[in-house]
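Survey of secondary and tertiary structure
Below are the chains, spelled out letter by letter.
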Amino acid sequence: MIKLLLSAALVLSTVSAQGQTVISLDKSGTLSEKISNADKYNITSLKISGPLNGTDFILLRDMAGLDQDNNVSEGKLENLDLSDASIVKGGEPYYVSYKGSENVEYYTTDNEMSNAMFFKCGKLKEIKMPATVTAIGDSCFYKCASLQDITIPNSVKEIRSYAFAETALPKFDFPEGVAISKYVLSGCSSVKEITVPSDATEIPDEAFSGTGITEIQLPSSLVCIGSGAFSGSTLTNFTCPDALKSIKDDAFSLCEYLAVVKFNSKLEEIGKSAFYSCALTEVNVPNSVKTLGGAFSLCKNLVKAHIPDGLTEISSSLFDRCEKLTEVNIPENITRIGELAFQNNAR
């Protein structure tokens, strides 16, 4: 009788429903007892309920394409549903970063999708995170090249740097109240749409660099666009929010399709190479700008430019190699013109 009850319990804990393997755990660290070595590389869709620790994520990473030694595995896990699971502290390190003679071990933390949790797990296409998760760690899904669909619960209050960088996500909606972090979507060339929190004040360094967006709506609360924030993206036009004060170095550099930029009247700073090698044909820098670096070099389509009246110097390389530039004002207060400011242009 006891043997029959045990067998029934095992059947209930591992169920296949419409091609999805469903597993219920009572204790963390026991996932390997439910999934055999013979099965782990055959499962493509998996739903888990119950607690999970570092030991369990070793197996999940292996199933999703990267084994414990950071080698590509035979895993085929594409769809992972953890919406009824919870992440708890404990177990073995789920990932070890080998840096010369020093190894960095990564462990789970209560209610966090921890740092590098699925780093380079190339088979993973879809994930539903636990409903209790409060943070998504650094590089959590970095270089998950097949990842196309994520479900972020309302409980998430923090998304850290590189969390979704170099994934295949087609769109990304930041939860309200969650700050944008550096490099968070860097290299996501498949991302065509990004929704920014309505209270965001900054787009940090490289946050959206290399993305596939053509336009983006930014909130009126935004005051700073960080270094390289949109560099190498496919933006075609950009309108500065009303409160924006600072555009940092390289913010839009190498945006080769960016043809139209509308500046606002409160802008105070445009950094070095901010619009390097863009497709701009005309720029009208507002008189509110007090600091203007060599922002427009190699804008080969630039024909007309307005320099703020209050500037006292023209920065080095400001219009360097702007081959079609024929019209630009020189404010009367200018006392210095920097090196290569107008090199190789038509003026």
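To be clear, the structure that these remarks concern was listed above.
A brief report on the enclosed structure follows.

Definitions and limits used
- Residue numbers here run from 1 along each chain, matching the order of that chain's written sequence.
- A pLDDT threshold of at least 70 governs which residues receive local features in this predicted model, and a stricter bar of 80 or more applies before side-chain atom pairs are shown or counted, although totals over entire chains, interfaces and linings include all residues.
- Excluded from the side-chain calculation are hydrogens and water; included are all heavy atoms of the structure.
- When DSSP finds two or more bridges between a pair of strands, those strands are recorded as paired.
- For the purposes of this entry, the term helix denotes a DSSP run of H or I that reaches at least four residues, the term strand denotes a run of E that reaches at least two, and both are numbered from the N terminus.

1. Brief notes about the sheet that holds strand 14 (residues 202–203)
Ordered by their spatial adjacency, five strands build an open sheet running 14-15-17-19-21, and the pairing between neighbours is parallel. Of all the strands in the sheet, just strand 14 and strand 21 (291–292) have a single pairing partner and so form its edges. The pairing of strand 15 (residues 224–225) with strand 17 (residues 246–247) spans two bridges and is classified as parallel. By the bridge assignment for strand 17, Ile225 is matched with Ile247.

2. What about unusual backbone geometry?
Its identity as a non-glycine residue notwithstanding, Asn111 has a phi of 60 degrees, on the positive side. Tracing the chain through its elements places Asn111 in the loop between strand 6 (102–106) and strand 7 (112–113). Non-glycine residue Glu206 carries a positive phi angle of around 60 degrees. Here Glu206 shows up in the loop between strand 14 and strand 15.

3. Concerning the sheet that holds strand 22 (residues 304–306)
Pairing within the open sheet is parallel, and its three strands lie in the order 20-22-24. Edge strands, defined here as strands with exactly one partner in the open sheet, are strand 20 (282–284) and strand 24 (327–328). Pairing between strand 20 and strand 22: three bridges, direction parallel. In the sheet register, Val283 faces strand 22, and the bridge partner there is Ala305.

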